[in-house]
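Results of the structural survey
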Amino acid sequence: MSKIKIMTDSSVQLSPEEIEKYGITVVPLSVTIDGHTYTDGVDITRADFIQKMDEAEKLPKTSQPPVGLFVERMEELTADGSEVLGIFMAKTLSGTVDSARQAAEMVAGKITVIDCGYTDRSQGYYCIEAAKDAAFTLGVSRGIDPFMTLSFMALPVIPKLRITTRGVVDVDTQQYV
């Protein structure tokens, strides 16, 4: 039986345990520090990133995942007939959500991509709550209003999160502000 699978980007703050528990697929961003490019979560950890940022001559730069990587992951996730809900960081911060939307148009499966409007742990809450809702949802192919998307019809927690989530930034230094 098909199910709804959750996909996100590596700007999300989820523990490896949460990623495994909820079966969330994380597509990595690239991080460039002093001319060296790393794949987030693959060959640089968050702790390494902070250390390298502190030691760097210039502030690090990030880059959204390539469309081709999104296509690969989406094809893998939909191969068994499952649907995909992609929850990505705010478009105001990155073009990641646009790359995911482009990829979704290239894949035959049912894929819904949303801009959660946040990043970091707020984005993580979206992913966890959507995964919890998806665990109780058999699919969205029955009785859908054509004006409703998968995220709003099958996973009612998303609109609730849009109303109740607020982002807070706590910085321990103003060095990079």
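Refer to the structure presented above.
Before going into details, it helps to say that this report is about the structure given with it. Computed from a predicted model, the values in this text were never measured in an experiment.

The rules we used
- Residues numbered from 1 in each chain as written.
- Predicted model: local features only at pLDDT ≥ 70, side-chain atom pairs only at ≥ 80, totals over all residues.
- Heavy atoms only, no water.
- Buried < 20%, exposed > 50% of the residue type's maximum accessible area, 1.4 Å probe, protein only.
- Helix = DSSP H or I, 4+ residues; strand = E, 2+ residues; numbered from the N terminus.
- Pairing = 2+ DSSP bridges.
- Right-handed = clockwise from strand over helix to strand, strands pointing away.
- Axes fitted to C-alpha atoms, helices over the stretch in contact; angles between N-to-C directions.
- Salt bridge = Lys/Arg side-chain N within 4 Å of Asp/Glu carboxyl O.
- Polar contact = N/O pair within 3.5 Å; in protein donor to acceptor, adjacent residues only side chain to side chain.

Some points on the pairing of strand 7 (residues 111-115)
Most of strand 7 is tucked away: five of the five residues are buried. Where burial is concerned, the two faces of strand 7 agree: the one with Ile 111, Val 113 and Asp 115 and the one with Thr 112 and Ile 114 are both buried. Note that strand 6 (residues 83-88) and strand 7 share five bridges and pair parallel. Of the residues in strand 7, the one forming a bridge with Phe 88 is Asp 115. The parallel pair strand 6 and strand 7 is bridged by helix 4 (residues 96-106), and the resulting crossover is right-handed.

Side note on the sheet that holds strand 4 (residues 36-39)
Spatial ordering of the open sheet is given by 4-3-5, a layout of three strands whose pairing is antiparallel. Only two strands of the sheet have a single partner each, and these edge strands are strand 4 and strand 5 (61-63). Looking at each pair of strands side by side, their axes are set apart by 25 degrees on average, direction ignored. Relative to strand 5, strand 3 (residues 30-33) runs antiparallel, the two sharing three bridges. Its bridge partner being in strand 5, Val 31 is matched across the sheet by Thr 62.

Here's the deal with the pattern of salt bridges
A side chain of one charge can pair with a side chain of the opposite charge if their charged atoms are brought near each other. Summed over all chains, the structure comprises seven salt bridges. The residue Lys 5 makes a salt bridge to Asp 80 at a minimum N-O spacing of 3.1 Å. Placement of Lys 5 in strand 1 (residues 4-9) and of Asp 80 in the loop between helix 3 (67-78) and strand 6 is noted, with a sequence separation of 75 residues between them. Among the salt bridges present, the one from Lys 132 reaches Glu 129, with a minimum N-O distance of 3.4 Å.

Examining the side chain of Asp 9
In this structure, Asp 9 sits in strand 1. A distance of 3.1 Å separates the side chain of Asp 9 from the side chain of Gln 123, its partner in a polar contact.

Function-wise, these values are silent; they only describe arrangement.
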